[in-house]
Protein chains: 2
Amino acid sequence: MEKIIGVVGGVGPLAGLDLQQKIISQTVAGRDQDHLTVLSVSRPCAIPDRTEYLLGQVAENPATALAEQVQLLAQMRAQVVGIPCNTAHAPPIWDVLRAELARANCQIYLLHMIEEVGRFLGKHHPEIERVGILSTTGTYRAEVYPQVLAGLGFTAVTPTLLMQETLIHPAIYHPQHGIKSCGRVTERARQDLLAGVTALQAQGAQAIVLGCTEIPLALTEKQMDDTLLIDPTLILARALVREADGGKLRPYSTS
Amino acid sequence: MEKIIGVVGGVGPLAGLDLQQKIISQTVAGRDQDHLTVLSVSRPCAIPDRTEYLLGQVAENPATALAEQVQLLAQMRAQVVGIPCNTAHAPPIWDVLRAELARANCQIYLLHMIEEVGRFLGKHHPEIERVGILSTTGTYRAEVYPQVLAGLGFTAVTPTLLMQETLIHPAIYHPQHGIKSCGRVTERARQDLLAGVTALQAQGAQAIVLGCTEIPLALTEKQMDDTLLIDPTLILARALVREADGGKLRPYSTS
């Protein structure tokens, strides 16, 4: 029996849409009625910025608002839920979110996007050893990708702190040219992220995780030279389809 | 105080996403937290095809499943709701939907997409007299656009029945080249819809309503020659933002 999918949107709003779009694209369906049931809650005003919290710029933990939205999805009978925000998976947020759900006795199956990325790499690309990570500075400092990937036998490589703070994070957040502020991909943002790709390749990365939901908007290639570009939102979408009705999951292809 | 927007998705699934995307694009916002709260329910398996119902090919009125989804949105505290499916607004479906909501004492404010298109034309393009309609054969036979537009002083022009049945409807539904069946816009579908645009222009249409949510995927131009192309999903998105928080509605522009 098919399970109902829940999406915690609003972190940011376009990432919620991107996840819903990828759930559709990863489902085998011949007509409208074949698609899976998807419930989405996008309440961005309620959720403090995840990176600002991790950097100590806002006091309120976004975990509380995220837990409320997961519970709302549970009340609507969603059974398997994803949150398309890498930074929300940093332990100072994620662990509090899990604790709040446990306290509320919320039994919903909440997928962990970053563990799904690790599981995906282990299944489809076991030959890879070194995995580069592009992310916000919040995710960078929390070291969530390096820790999850190390547990699966991969070595994570990240940009230098200087590059992280002057090129990668600003490509997402800079008031003049950042993707979030502009609501679109600026040429400057793409160039700065490409510089990150080149640096990680020089550090031996055989695959690069686009570890902030804005980054795949700027780097839409599936591969650069011999380096795979990995989109965690796509992997989360595939994991949600797998849990909802594995028979409808489109076969994985790198082309 | 901002109202919560509800979207009845799944009719079809991509139309629900398109409406959510347009709600974001029509909102004035500088950061994630400025965007409006949007709840979406997409349960396509439960909703029979609207056109098949109007043409007598299925017995079950999709109104019942639509009413259930509107009520679920109401339980989640949505206050203003839209359904991004033109055919669902045909009276044999819409009137039953309204009656079911009244019987359930559901007080939610349900916008009528086609009345919103008429209101939009009256406000922004009062100089227009003749409005062409491209739609499914279900919407065509129900004459929902001609009736709503006539009440506002516009004259609707539609393709001949032969063109409707051999070119326009198949561009959406044909098993080999229809947009719904293929899940993308085929060259044949676009060419057949362009033939419809040319025919309506020859009948004096000064604007053409793309009256099925798949059609704007194939005709993305805002204008062809001197003819405006009108996207009802965009207009529904603007109406939802207006009702949720009018101060955040992006100014209308034809460019």
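## Things to note about the pairing of strand β2 (residues 38-42) of chain B
And then number 1: The buried fraction of β2 of chain B is high, at five of five residues.
And then number 2: One ladder, built from five bridges, connects strand β2 (residues 38-42) of chain A with β2 of chain B; its direction is antiparallel. Counted as the bridge partner of L39 of chain A is V41 of chain B from β2 of chain B.
And then number 3: Alignment of strand β1 (residues 5-9) of chain B against β2 of chain B, held across five bridges, turns out to be parallel. Following the sheet pairing, G6 of chain B is matched in β2 of chain B by L39 of chain B.
And then number 4: With helix α1 (residues 13-25) of chain B bridging β1 of chain B and the parallel β2 of chain B, this β-α-β connection has right-handed handedness.

## Quick notes on the relation of the copies chain B and chain A
And then number 1: Between chain B and chain A, the superposition needs a rotation of 180° and an axial shift of 0.0 Å, giving an RMSD of 0.0 Å. A rotation of that kind, with that shift, is consistent with a two-fold axis. For chain B, the minimum C-alpha distance to the rotation axis belongs to S40 of chain B and amounts to 2.5 Å.
And then number 2: By residue overlap, the copies meet face to face through one surface: 100% of the interface positions of chain B are interface positions in chain A.

## Considering the sheet that holds strand β5 (residues 130-134) of chain B
All names here are of chain B.
And then number 1: Taken together, the five strands give an open sheet; going across it, the order is β6-β5-β7-β9-β8, and neighbouring strands pair in mixed fashion. Each having just a single partner strand, β6 (155-157) and β8 (223-224) make up the two edges of the open sheet.
And then number 2: Lying over the sheet, helix α10 (residues 187-202) contacts β5, β6, β7 (207-210), β8 and β9 (227-230), oriented at roughly 160° with respect to β5.

## Description of the domain arrangement of chain A
Accessible area lost during the coming together of the parts is what is often quoted as the interface size.
Residue and element names in this part refer to chain A.
And then number 1: Each assigned domain of chain A is listed with its residue range as follows: domain 1 (5-112 + 235-248) and domain 2 (114-231).
And then number 2: Here domain 1 and domain 2 have C-alpha centroids that lie 21 Å from each other.
And then number 3: On the side of domain 2, 23 residues touch domain 1, which itself brings 21 residues to the contact.
And then number 4: Among the residues domain 1 hides against domain 2, the three largest losses belong to N86, H112 and I235. Together they make up 39% of the total.
And then number 5: Our count for the domain 1 to domain 2 interface comes out at two salt bridges.
And then number 6: Salt-bridge contacts for E116 lead to R242; the nearest nitrogen and oxygen are separated by 3.1 Å.
And then number 7: Inspection of the region where domain 1 meets domain 2 yields twelve residue pairs in polar contact (both at pLDDT 80 or more).
And then number 8: Secondary structure elements with two or more residues in the side of domain 1 that touches domain 2: α1 (13-25), α2 (50-54) and α12 (232-245).

About the cut-offs
- Residues numbered from 1 in each chain as written.
- Chains lettered and ligands numbered in written order.
- Predicted model: local features only at pLDDT ≥ 70, side-chain atom pairs only at ≥ 80, totals over all residues.
- Heavy atoms only, no water.
- Buried < 20%, exposed > 50% of the residue type's maximum accessible area, 1.4 Å probe, protein only.
- Helix = DSSP H or I, 4+ residues; strand = E, 2+ residues; numbered from the N terminus.
- Pairing = 2+ DSSP bridges.
- Right-handed = clockwise from strand over helix to strand, strands pointing away.
- Least-squares fit on C-alpha atoms with pLDDT ≥ 70 in both.
- Contact = heavy atoms within 4.5 Å.
- Axes fitted to C-alpha atoms, helices over the stretch in contact; angles between N-to-C directions.
- Domains from an automatic or database assignment.
- Buried area = accessible area lost by both parts, 1.4 Å probe.
- Salt bridge = Lys/Arg side-chain N within 4 Å of Asp/Glu carboxyl O.
- Polar contact = N/O pair within 3.5 Å; in protein donor to acceptor, adjacent residues only side chain to side chain.

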